[in-house]
Amino acid sequence: MRYLKNKLKIVLEPFIFDEYGEKNEIRFLNPPKPEMGDLTISSAFEIGKKLRKNPREIASSFVNILEEMDEIDRIDIAGPGYLNIFFNKRYFLSNIEKIFTLKRDKAEYKKIIVEHTNINPNKAAHIGHLRNAVLGDTLSRMLKERGENVEIQNYIDDTGVQVADVVYGVLHIDKLSIDDLKKMDRIDYYLWDLYVKVHLKDDEETKKMRREVHHKIEQGILPEKDYAEIISLGVLKRHLETVKRLGIDYDVLPRESDIINLKFWENAFDILKEKSVIRYQDEGVNKGCWVMDVFEDGEDREKIIVKSNGAITYVGKDISYHLWKFGLLNKDFYYKKMDEKHYISISDPDQAVNDISFGNGERVYNVIDQRQSYLQNIVKKALEKLGYEKAAENLVHFSYEVVALSKKSAEDLGFKIDSEKKIVEVSGRKGIGVKADDLIDELERRAKEEIEKRHPDFPEEKINEISKKIGSGALRYYMLKYTLNAIIVFDFDEALKFEGETGPYLQYSNVRMKSLFKKYEERFGENVENSIDNIPDFSILPEEEKNKLWETIVFASRLDSELELSINNLEPSRLAKYGFYLCQKFNYIYNSFSVINEEDEEKRKLRLITIYIIYKQLNKILDILGIEKPDIM
RNA sequence: GCGCCCGUAGCUCAACAGGAUAGAGCAUUGGAUUUCUAAUCCAAAUGUUGGGGGUUCGAGUCCCUCCGGGCGUGCCA
């Protein structure tokens, strides 16, 4: 549709300038009802407002010039001044390739970095982490589909207190050896429980011991350091397997331990001091700290970057990491291959693979939940104060709300909830949450039941293959259908549904189309793809059917704008919903008009072509949403 | 205290940069299969968009105010 919009702009914008002396960038709307037109222009309102003229009159003045265009069949002026366009169907259908393309002519940025997932490698992943991973993965896919060069990073905080806490637990509560840990096949599940145990004892003595363990890990003291490494790597591998079930991968896994080892901070510290972004505070409450002045809430405040004991705060590390991301730090990681898909950062140049490099992005999306907005903003401010305004501008916090449990779900899981609140926060410390793998297992189990009902004769492997696709598709859609600032109140009944507005609904629609094409080719010996070359005239159809098919084709042609809006407004849910609506339209057509049994060849063809257009678009949508496509359901 | 977000049908959520008669799913009731897969479709019913005021051709959307809820505001990460 972008193709047609551009054509309209080229004609109309100069006309408006000549006629009204206004530089009006034309905005397009979708008519609320399909019978009102295929596309709406609302520029007459804007010009009318400025020139104090009747919008209807202005809109009328556009009619002649537009009606001369080959692309347009007719124009309607509606309501107070809407300009409703009806495209020429013949023109439209014979230019389908151009009208339906998603890729832009060229990428907007040299390189875009998307950071997501970032699960602490100290316990099993839970549903909250899945929302992050699915959103981040989908954002990456959206950007790629539009033609951007995207690098996906998953930051591993392998030296933080969370890892230290479980190291403490392993050493001082369960007293396990390194070998014991290595033998475990579900180290993430084991640590999930251990982490809760660690936080059960919260007296000063154990807190002090945990701090010591943390300190030793940071200093590289044995055996704590080895334990930390075994644990973080072991859990990381499990996390990668978990998200792999949803089709999620990364290009590179930068580790915090390497940021420390390679002294990224030292460079960042120098730059920050040199440009006077931070200063040493020698009096007051923050005596002995390096602080950054920030102006917020209408007052000057100090944000501590280096603590009085010389330790760097989280924000400090994040600033240095972001300087690296934008290629503004004179330091780099070394990398080795972790498995066939992922590179992981290392500190030792001798083990490093050559000719691979990451970072140096022009634009950065950080997929991090809304609670971290404040810190993300500090990092942005630091970049700004350093004079890297372009980078600050291109640092985007892709912020979303958390996943919570409904009180009922929490109680069903066996957690005792005392509070009056309706929703329960997911908490690793308390062990309250649904483990990602458990949820995926359950989804697959239910999908399997459904398939067995329908196809009792299918071999086991086939059933497993399909149930995996359905389970993952259901989960991904569930995580995507909500707008970012909606808290997902997780509910088992809702998440495990395969009917209505769900991933399987989209998958099922796709399966129906595919099998229809197969039957068509068997029956008529004609390749579906070829049939699009010779399109009969829509006017042979009865009014109702013609409108329905045409409306659906126009709707399907909006995918490019929907993708743009999803990216620009940072709302993947928009695209998910659009996919759902498209399938609704398909299912209506499918139920109302038969293809195979239609005797009139032209009618049959028009129906087939409409469905084929939907099919092409739905396939792109499913790829972007990361929803797999079973060939049969 | 200050800052950000949310309040829409019984429930869970939509509504493009302020656009036309606020839409889906679930649940409820009734219906559709000699016909391309019923994980589908059709129909019915459900609304003072938390309350009040303002801005304008037009407000669920913007501004003010009140009520109710969530989060943030660490020498934690």
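Our subject is the structure listed above.
In what follows, the accompanying structure is described. (Residues numbered from 1 in each chain as written. Chains lettered and ligands numbered in written order. Predicted model: local features only at pLDDT ≥ 70, side-chain atom pairs only at ≥ 80, totals over all residues. Heavy atoms only, no water.)

1. Some remarks on the overall build of chain A
Threshold: Put simply, DSSP H or I for four residues or longer makes a helix, DSSP E for two residues or longer makes a strand, and each gets a number counted from the N terminus. Only protein chains enter the accessibility calculation, which uses a 1.4 Å probe; a residue whose area is less than 20% of its type maximum is buried, one above 50% is exposed, and one in between is partly exposed. Whether two residues touch is decided by their heavy atoms; if any such pair falls within 4.5 Å, the residues are in contact. Using a 1.4 Å probe, the Shrake-Rupley method yields the accessible areas, and only the shown protein chains count as cover for residues. His is not counted, nor are the chain ends; Lys and Arg add positive charge and Asp and Glu add negative charge. For this purpose, a charge sits on NZ of Lys, CZ of Arg, CG of Asp or CD of Glu.
Counting secondary structure elements, chain A contains 26 helices and 17 strands. Each of the three principal axes of chain A carries a C-alpha extent, and together these read 85 × 70 × 55 Å. Within chain A, the proportion of its 633 residues that are buried is 54%. Expressed as a percentage of contacts within chain A between residues at least 6 apart in sequence, the contacts between residues at least 24 apart total 71%. Carbon and sulfur atoms form 46% of the exposed surface of chain A, whose accessible area is close to 29,400 Å². Charge centroids of chain A, computed over 100 positive and 114 negative side chains, lie 1 Å from each other.

2. As for helix H14 (residues 314-325)
Note: α-helices contain 3.6 residues per turn, so residues at a spacing of three or four share the same orientation. As a reminder, the rule being used: Helix span is expected to be 1.5 Å times the residue number reduced by one.
End to end, H14 covers 16 Å across 12 residues, agreeing with the expected 16 Å (1.5 Å per residue, within 8%). Burial analysis of H14 places 11 of its 12 residues in the buried class, which makes it a mostly covered element. For H14, every residue scored as buried is listed here: Val315, Gly316, Lys317, Asp318, Ile319, Ser320, Tyr321, His322, Leu323, Trp324 and Lys325. The first or second residue beyond H14 is glycine 327, which carries a positive phi of 70°.

3. Things to note about the protein's contact with RNA strand B
Test applied: Any residue with a heavy atom lying within 4 Å of a molecule or strand is counted as near it. Counted as a polar contact is a pair of N or O atoms within 3.5 Å, where, for protein atoms, one must be capable of donating a hydrogen and the other of accepting one, and residues adjacent in sequence contribute only when both atoms are in side chains.
The environment of RNA strand B is made up of 66 residues, and the closest members are Thr483, Tyr508, Arg512, Tyr590 and Asn597. For RNA strand B, the backbone portion of the atoms within 4 Å of the protein, that is sugar and phosphate, comes to 66%. Contact between RNA strand B and tyrosine 505: a phosphate oxygen at 2.5 Å from a side-chain N or O atom of the residue. Contact distances for RNA strand B include 3.0 Å between a base nitrogen and a backbone N or O atom of methionine 633. Broken down by secondary-structure element, the contributors of at least two residues to the surface near RNA strand B are helix H2 (43-51), strand E4 (82-87), strand E10 (299-306), helix H15 (373-385), helix H18 (436-454), helix H21 (503-524) and helix H25 (572-592). If you tally residues by element for the surface near RNA strand B, the top one is H25, at 8 residues.

4. Topic: the sheet that holds E4
Heads up, the condition is: Paired strands, as defined in this entry, are two strands with at least two bridges between them according to DSSP.
Taken in spatial order, the 4 strands make up an open sheet running E1-E2-E4-E3, and their pairing is antiparallel. Each edge of the open sheet is held by one strand with a lone partner, namely strand E1 (28-29) and strand E3 (72-78). As paired strands, strand E2 (residues 39-41) and E4 are joined by 3 bridges and run antiparallel to one another. In the sheet register, threonine 40 faces E4, and the bridge partner there is asparagine 84.

That is the geometry; function is a separate question.
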